[in-house]
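# Structure assessment
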Amino acid sequence: MANNIYMHNALESRIAGQITPALEELGFDLVRVAVLGRETPTIQIMADRHDGALIAVDDCEQISHIVGAILDVDDPIPGAWTLEVSSAGIDRPLTRAKDWTRFAGHMVRAELDTPIDGRKRFAGVIIGVKDDAAIIRLEGDQDAALPLTEIRKARLVLTDALIEATAAPEGDGDEATAPRRVPKLNPVKPGKGSKPGRKVQ
């Protein structure tokens with residue numbers, strides 16, 4: 001369960017299954033895949049480094065090359081598409097069971113597909129995971145159990161404690177002593193008669 005990624009549709013799950021083994025070999029964890037748009041879709045890949053550090057532009061380039069090669073062969077989306085690779089960032093989405101364990105003690109906002117007691121939106125402090133549900137502590141010290149498969153979206157709340165915890169991940173040394181701007185890379189898959197392009201933001 002710890003490696004499951006929730007909130008993916010069928011196409012996104014297919015892409016995730018295609019690229020996850022290669023990313024893990026390179027030392028990255030897949031956080032999320034999102035396919036946006038119809039005419040020329042954008043495939044968004046969000047990743048973490050195994051060592052907990054924020055990924056850099058060089059990491060994005062490495063990921064984009066391997067992911068682009070895999071998708072060119074498997075071709076899950078006919079025609080032209082854009083590939084966007086980025087770090088999960090500090091106030092990151094929580095998409096896997098292990099995210100709720102890793103960030104226990106930090107603030108989160110979550111939205112469910114199915115209401116619990118008439119309520120879909122929750123905010124509180126992460127306690128952890130129990131019985132396939134994310135446990136968060138609400139105001140008034142009341143705990144809520146959010147079924148992982150019912151979570152539409154969940155994101156950490158940017159706080160001083162979160163910035164401090166993210167600024168110096170284990171094993172990253174002096175390079176990560178302060179939060180960095182999250183890099184993104186947008187290599188464009190060329191369609192017929194077009195030229196390949198790449199844009200770094």
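Structure: above.
All of the points below concern the structure found in this document. Here the structure is a predicted model, which means the values were calculated and not measured.

### Regarding the overall build of the protein
- Along the protein, the regular secondary structure elements total 4 helices and 10 strands.
- Each of the 201 residues in the protein was classed as buried or not, and the buried ones make up 43%.
- Of the contacts formed within the protein by residues at least 6 apart in sequence, a portion of 59% connects residues at least 24 apart.
- Element-wise, carbon and sulfur atoms account for 48% of the exposed surface of the protein, whose accessible area totals about 10,800 Å².

### A look at the pattern of salt bridges
- Tallied over the full model, the rule gives 13 salt bridges.
- A salt bridge links R121 to E111; its shortest N-O distance comes to 3.8 Å. In this pair, R121 sits in strand β5 (residues 119-130) while E111 sits in strand β4 (residues 107-116), placing the two residues 10 residues apart along the sequence.
- Put simply, K153 and E111 hold a salt bridge, and the shortest N to O gap is 3.8 Å. Note that K153 is positioned in strand β8 (residues 151-156) and E111 in strand β4, a separation of 42 residues in sequence.
- By relative accessible area, which is 10% here, E111 ends up buried.

### Quick word on helix α1 (residues 10-26)
- Taking 1.5 Å per residue as the helical rise, α1 with its 17 residues ought to reach 24 Å, and the 25 Å between its terminal C-alpha atoms agrees with that figure.
- Along its length, α1 reaches its greatest deviation from straightness, about 40°, at I19, and the proline P21 lies no more than four positions downstream.
- Those residues of α1 not exposed but buried are E12, I15, A16, Q18, I19, A22 and L23.
- Check the buried side of α1 and you find it contacts β1 (28-36), β2 (42-49) and α2 (57-74).
- For α1, the N-terminal capping position is held by N9, with its side-chain oxygen 3.1 Å away from the main-chain nitrogen of L11.
- Just beyond α1, the residue with positive phi is G27, at close to 95°.

### Quick word on helix α4 (residues 160-167)
- Burial in α4 covers these residues: L162, T166 and A167. For α4, the angular spread of the buried residues around the axis is 130°, confining them to a single face. What points out from α4, more than 90 degrees from its buried face, is the exposed set D160 and E164.
- Those residues of α4 that are buried lie in contact with β8.

### Here's the deal with the environment of G79
- Mapped onto the elements, G79 comes out in the loop between α2 and β3 (81-87).
- Taking relative accessible area as the criterion, G79 reaches 45% and is therefore assigned partly exposed.
- Sequence spacing of G79 and P41 is 38 residues, and the spatial spacing of their C-alpha atoms is 9.3 Å.

### Thoughts on the packing of α1 against α2
- Direction vectors running N to C along α1 and α2 enclose 140°, while the axes themselves pass 10 Å from each other. On the basis of the axis angle, α1 is oblique to α2. Considering how the two elements wind past one another, α1 and α2 form a crossing that is right-handed. Taking contact as the criterion, the partners of R14, I15, Q18, I19, A22, L23 and L26 in α1 are, on α2, Q62, I63, I66, V67, I70, L71 and D74.
- Residue composition of the contact of α1 with α2, by class: 10 nonpolar, 2 polar and 2 charged.

### With respect to the sheet that holds β8
- If you walk across this open sheet you meet the 5 strands as β7-β6-β5-β4-β8, and the pairing is antiparallel. Looking at which strands have only one partner, the edges of the open sheet turn out to be β7 (143-147) and β8. Strand-to-strand, the axes of this sheet are offset by a mean angle of 45°, without reference to chain direction.

The rules we used
Residues numbered from 1 in each chain as written. Predicted model: local features only at pLDDT ≥ 70, side-chain atom pairs only at ≥ 80, totals over all residues. Heavy atoms only, no water. Helix = DSSP H or I, 4+ residues; strand = E, 2+ residues; numbered from the N terminus. Buried < 20%, exposed > 50% of the residue type's maximum accessible area, 1.4 Å probe, protein only. Contact = heavy atoms within 4.5 Å. Areas by Shrake-Rupley, 256 points an atom, 1.4 Å probe, with all protein chains shown as cover. Salt bridge = Lys/Arg side-chain N within 4 Å of Asp/Glu carboxyl O. Expected span 1.5 Å × (residues − 1). Bend = angle between axes of the 7 residues up to and from the residue. Polar contact = N/O pair within 3.5 Å; in protein donor to acceptor, adjacent residues only side chain to side chain. Arc of directions from axis to C-beta. Axes fitted to C-alpha atoms, helices over the stretch in contact; angles between N-to-C directions. Parallel < 35°, antiparallel > 145°, perpendicular 65-115°, else oblique. Left-handed = near helix turned anticlockwise from the far one by under 90°. Nonpolar A, V, L, I, M, F, W, Y, C, P; charged D, E, K, R; others polar. Pairing = 2+ DSSP bridges.

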